[in-house]
Amino acid sequence: MLHLILADSELETVPEEISSDKAMKRKAQRRGRRVTELILDSNYYHKPMRKLEDSDRRGRPDIVQVCILTALDSPLNRDGYLRFYVHTRHDKVIDIDPETRIPRAYNRFVGLMEQLFLTGSVPPDDPLMTLCDESLETRVEKISPEKVLAFSKDGKQVSGGRLFNSLALEDDVCVVIGGFPHGNFLSDVEGLSDDLVSIYPETLDAVTVVNHVVQFYEKKFLNYPIFSDL
C-alpha cells in the first residue's frame, strides 16, 4: 500500500490578525460566514496577507485541490492501493476516503474545505473526509510503514525505477511531498524519514511529484496495460 502525505500544505482558514480587512468582511457576509471561517486564498487576499509571516507561500488551496484530484483519479487509487492524506502548516490532518469525488470547480472545492474546517467532517451523515488536530510525525507513526520517503530539493537523486526497491506490494510505504509553492518543510521531515530523495535536479510542482510517484509505484507493482511496452 502506498500512503501519500501532502505535508505542510498551505491550506488554512483566515487568521484572526487579518480578519478586520473590509474586503474579507464583505465576502464573508455574502457567504453567510465569519471572516475566520473563510479559506485563506492568496488569489483574493494578497494585500492583507502581507501582514502574515511566510505570506509569500501561504493561502494555496489550489495546490491541495489538484494534488487530491490527481491522486484519487489514478488507477492505483481505484484499485485500492493508495491512501492520500493532507497535512497542513497548523498540524491538522485531512483523512480522505479513496471513493471521494472532489469538486473540480475551484470555488466549490474551497466551499467544501470551509465546511470541513467548520464541522470537522463532510458530508455530515456519512463522512468521506475528516479533519483532526495531528502532527505529521504522529500521522506517520499511525501508518507505521516499512519505509518513509520524503521528496526534497536537497534529497539524493533517485531514478523512478529504484524508488521502491526492497519493498513488496503488501508493504506499507509512506511518501511525503510538500504541499507548498516554494521553500522548505516546516515539519521535521528529515527526522522522520528513512531517505530524502529527488527525481529531478530542479524543484518540481507538488502535483507533478504526486503524479510521478503514483506512476512509479504502479509500474513497479501492478501490471497495467499502459506499462506493457515500457
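In every chain, residue numbers begin from 1 and rise along the written sequence. Reporting of local features is limited, given that this is a predicted model, to residues whose pLDDT is at least 70; pairs of side-chain atoms are given and counted only at 80 or more, and all residues count toward the totals for whole chains, interfaces and linings. In computing side-chain properties, one takes all heavy atoms of the structure into account and sets aside hydrogens as well as water.

Looking at an unreviewed UniProt entry, the chain carries the name Ribosomal RNA small subunit methyltransferase Nep1, with the source organism given as candidate division MSBL1 archaeon SCGC-AAA259B11.

*Asks:* Teacher, can you tell me more about the pairing of strand β5 (residues 129–133) here?
*Replies:* Each regular strand carries side chains that alternate between the two faces of the sheet. Here strand β3 (residues 92–96) pairs with β5 via five bridges, running antiparallel. Paired with isoleucine 96 across the bridge in β5 is methionine 129. Between the end of strand β4 (residues 121–122) and the start of β5, which pair antiparallel, lie six residues. Being paired, for any two strands, means DSSP has found at least two bridges between them. Each helix corresponds to a stretch of at least 4 residues labelled H or I by DSSP, and each strand to a stretch of at least 2 residues labelled E; elements are numbered beginning at the N terminus.

*Asks:* Could you clarify how one ought to interpret the packing of aromatic side chains in this entry?
*Replies:* Aromatic ring pairs are reported here in terms of the distance separating the ring centres and the angle at which the planes meet. For this analysis, a ring pair means two rings from Phe, Tyr or Trp (six-membered ring only for Trp) whose centres lie within 6.5 Å, classed as stacked if their planes differ by under 30 degrees, edge-to-face if by over 60, and tilted for the remaining angles. Overall, the coordinates contain five aromatic pairs when judged by the stated rule. Look at phenylalanine 164 and tyrosine 217: their rings are 5.2 Å apart centre to centre, the planes differ by 85°, and that puts the pair in the edge-to-face class. Remark: tyrosine 217 occurs in helix α8 (residues 206–221) and phenylalanine 164 occurs in the loop between β6 (147–157) and β7 (173–178); sequence separation between them is 53 residues. A 1.4 Å probe rolled over the protein chains alone gives each residue an accessible area, and that area as a share of the maximum for its type sets the label: buried under 20%, exposed over 50%, partly exposed in between. Given the relative accessible area of 1%, phenylalanine 164 is considered buried. Residue class for tyrosine 217 comes out buried when judged on its relative accessible area of 0%. On the numbers, 6.5 Å between centres and 50° between planes, the contact of phenylalanine 164 with phenylalanine 221 is tilted.

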